[in-house]
Amino acid sequence: MPQVPEATELAVKGLAGERGGEVIFSEVSFSLAPGEALLVTGPNGSGKSTLLRILAGLLQPADGSVLFRNGGEAWPNLGAASHYLGHLNAMKPALSVEENLVFWQKFLGNALTSPLKALESVGLDGIGHIPFGYLSSGQKRRSAIARLLVSYRPVWLLDEPTAGLDRSSGMRLQELMRAHLGEGGFIVAATHLPLGLEGAREISMAASA
Amino acid sequence: MLALYHRDLTLGLRTGSGAMTGVLFFLAVIAVIPFGVGPDLDLLARIGPAVLWLGALLSSLLGLERLFQADREDGSLDLLLISDTRHMLAVTVFVKCLAHWTVSVLPLVIVAPLLGMFMNMPAEGIAVTTLTLLAGTPAITFIGAVGAALVVALPRGGLLISVLVLPLTIPVLIFGVAAGRAAVVENDPFLPPFLILAALALFFAVLGPAAAALALRSADD
Amino acid sequence: MSESSRATARVTALANPTRFLAFTGRVLPWLGSAAVLIIALGLFMGFTAPEDYQQGITVRIMYIHVPFAWLSMFCYTIMAASALGTLVWRHPLADVSLKAAAPIGATFTALALVTGSIWGKPMWGTWWVWDARLTSVFVLFLMYLGIIALTRAMDDPGRGARAAAILTLVGFINIPIIKFSVDWWNTLHQPASVMRLDGPTIHPSLLWPLLVSALGFTLLFLTLHLMAMRAEIWRRRLAAMRRVSARAVDGLAVQENAS
């Protein structure tokens, strides 16, 4: 199983993000060691999603830097080392759940668990052959979470991971996140609900003035 | 990468409507030509290669809109962008173009001989024109990918793609038709335009995906 | 500080939009007047120059047609350079320059087409022939329109600027290919019977007015371009201020609810 070295560090310094040409947050700094989680909280429009997209490398920061230190050759930058779970599930409605996961496993590489096993861990056993489009929104979210398990990435960037999940599925997600942290992973999650991660640090994005 | 090709192929075949619409449009264009220029068989045979090329060009631009938009709407595009260090984005785009070509444009090339018969083209002319379509249509897809990537964030970008891309496809059209004419018009050379057409396809295979990747990356900022 | 780095610093300082506005505000009246004077001089020289023994009076349209044609290419080159500025240095002024230049370039290209067509009418006997040169300029015109359509379609100025920049550069790379293929296509269909409008040799008495006129129109282009850039900068500032004031109203409402 691929592990990240102890010295790995996720360091963010003086980060500023803009949307539509306007700076919506600035001076965000934090650093995470393996096994640590960060919760990003704040009201709608405070830039939580923008922050995660900048971390993933999808957006350019207006200022500041994002570093993934000592990741070695396998994880040269944060984007490469990350699973990104956005608002959208990145699954094709016309393909079955299993086909979707098999594709992402092949495309992302670093295979970890088999798609069927991953579906089992999110409580969707026996659903793999059904086209993704037929699932309920909670099931869709859970199968998107299963994507985090089929390939290994040290960092999970989760944008409202619990959206559409019921209580028991939420608990299962907590367990998965704890297990990931226990293996020396990193988690940065934007949320407005407590995720039940002990010892997780928290930064609160103020509403933009 | 093979997985991506396979996925896009499966998606294209399963949802299926794109390829079907393209072929129907091609058929419709060819069907209205004789009403426009008259049923003079000699004339039709002479303009046959040009008409087939124009029809194929317009039909292959039809489906381009969905090339990246579908991936953007369900969030897959984000993951393709993040995986840039593992799979270079330009290569990802190249593979997507190939899959798109296989599903949406190859059927046009396959029905072209049938439509060539409607145009009263001689067998040799049909064969040569189909060959030029086979070599030249990938160039249209590759350069069209730039247009598709540029308007990926626009809700109704389909028409805009055609407006942006058509001027850039003029060289492909010129050499494609010129090579096709060689079989219907005496004394026209075949090999030089055909080789230039192939060179254009190769050039666009590099330029198109590279520019489209750049456009996709900046589409979100 | 070396001379070159000082020059770079000066350019960088000028690239700040506020300084740009101040600087162009001072320069524009001079530039505009110079353009008008030189164009007047060029056209005067053109009308006093001897007539072409073959084309007669119609040759005089050359003194505006050739500058228009030259500007249609010059403007695209400026836009390609701005596109590099947008994509490589991400400079906002480059965005503004590209967006401001496109309609001006399209206008000059359209004028080049119209004057070319008027010039050609007595000789060709028709308003339009698919001559290689005219056709290439026509394709260039279509590309201008495509760029304008794209910038219009994008509501976010930053995203629109980068999209337009990519399209401009792709077009720029393709221009030689299009030119080559159109020339090739032309020889295929019209074997060498096309009359050359302006041969490689041109008498100095015609050349001087042409050069002066081209210089005048280039200055006119620069004046228009700077004016359009200023307008675009003001437009963006206005949009930003409107957004801020919209949010301020929102903020007030929230405070009232809280109290």
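Quick note: structure is the one above.
The structure contained in this document is the topic of the report that follows. None of the values given here were measured: they were computed from a predicted structure.

Notes on the overall build of chain C
What chain C contains, in helices and strands, is seven helices and zero strands. Listing the helices and strands of chain C from first to last along the sequence gives α-α-α-α-α-α-α. Within chain C, buried positions represent 42% of all 259 residues. Contacts in chain C between residues at least 24 apart in sequence constitute 80% of all its contacts with a sequence separation of at least 6. Summing over all exposed atoms, chain C offers an accessible surface of approximately 13800 Å²; the carbon and sulfur share of this is 71%.

Topic: the sheet that holds strand β4 (residues 63-69) of chain A
All names here are of chain A. An order of β2-β1-β4 is seen for the three strands of this open sheet, with the pairing classed as antiparallel. The sheet is open, and its two borders are formed by β2 (22-32) and β4, each paired with just one other strand. On average, each strand axis in the sheet is inclined to that of its neighbour by 20 degrees, with strand direction left out of account. Across seven bridges, the pairing between strand β1 (residues 9-19) and β2 is antiparallel. Looking at the pairing, Val12 lines up with Phe30 of β2. Sheet strands in contact with helix α1 (residues 48-56) are β1, β2 and β4, and its direction is about 125 degrees off that of β1.

A few points about the interface of chain B and chain A
Each partner contributes to the interface: chain B provides 27 residues, whereas chain A provides 28 residues. Buried surface at the junction of chain B and chain A, both sides included, amounts to about 2300 Å², of which 63% is carbon and sulfur. The largest per-residue losses of area from chain B upon contact with chain A belong to B:Leu79, B:Ile82 and B:Arg86, which jointly make up 26% of the total buried on that side. In this assembly, chain B and chain A are joined by four salt bridges. The partner of A:Lys92 in a salt bridge is B:Asp71, and the shortest N-O contact between them spans 2.6 Å. Our enumeration of links across chain B and chain A arrives at nine residue pairs in polar contact (both at pLDDT 80 or more). Mapped by element, the contributors of at least two residues to the side of chain B that touches chain A are α1 (2-15), α4 (66-73) and α5 (76-82) of chain B. Looking at the side of chain B that touches chain A, the element that brings in the most residues is α1(B), giving seven residues. The residue inventory of the side of chain B that touches chain A, partitioned by class, reads nine nonpolar, eight polar and 10 charged.

Analysis parameters
Residues numbered from 1 in each chain as written. Chains lettered and ligands numbered in written order. Predicted model: local features only at pLDDT ≥ 70, side-chain atom pairs only at ≥ 80, totals over all residues. Heavy atoms only, no water. Helix = DSSP H or I, 4+ residues; strand = E, 2+ residues; numbered from the N terminus. Buried < 20%, exposed > 50% of the residue type's maximum accessible area, 1.4 Å probe, protein only. Contact = heavy atoms within 4.5 Å. Areas by Shrake-Rupley, 256 points an atom, 1.4 Å probe, with all protein chains shown as cover. Pairing = 2+ DSSP bridges. Axes fitted to C-alpha atoms, helices over the stretch in contact; angles between N-to-C directions. Buried area = accessible area lost by both parts, 1.4 Å probe. Salt bridge = Lys/Arg side-chain N within 4 Å of Asp/Glu carboxyl O. Polar contact = N/O pair within 3.5 Å; in protein donor to acceptor, adjacent residues only side chain to side chain. Nonpolar A, V, L, I, M, F, W, Y, C, P; charged D, E, K, R; others polar.

Such coordinate-based values are descriptive only and should not be taken to indicate function.
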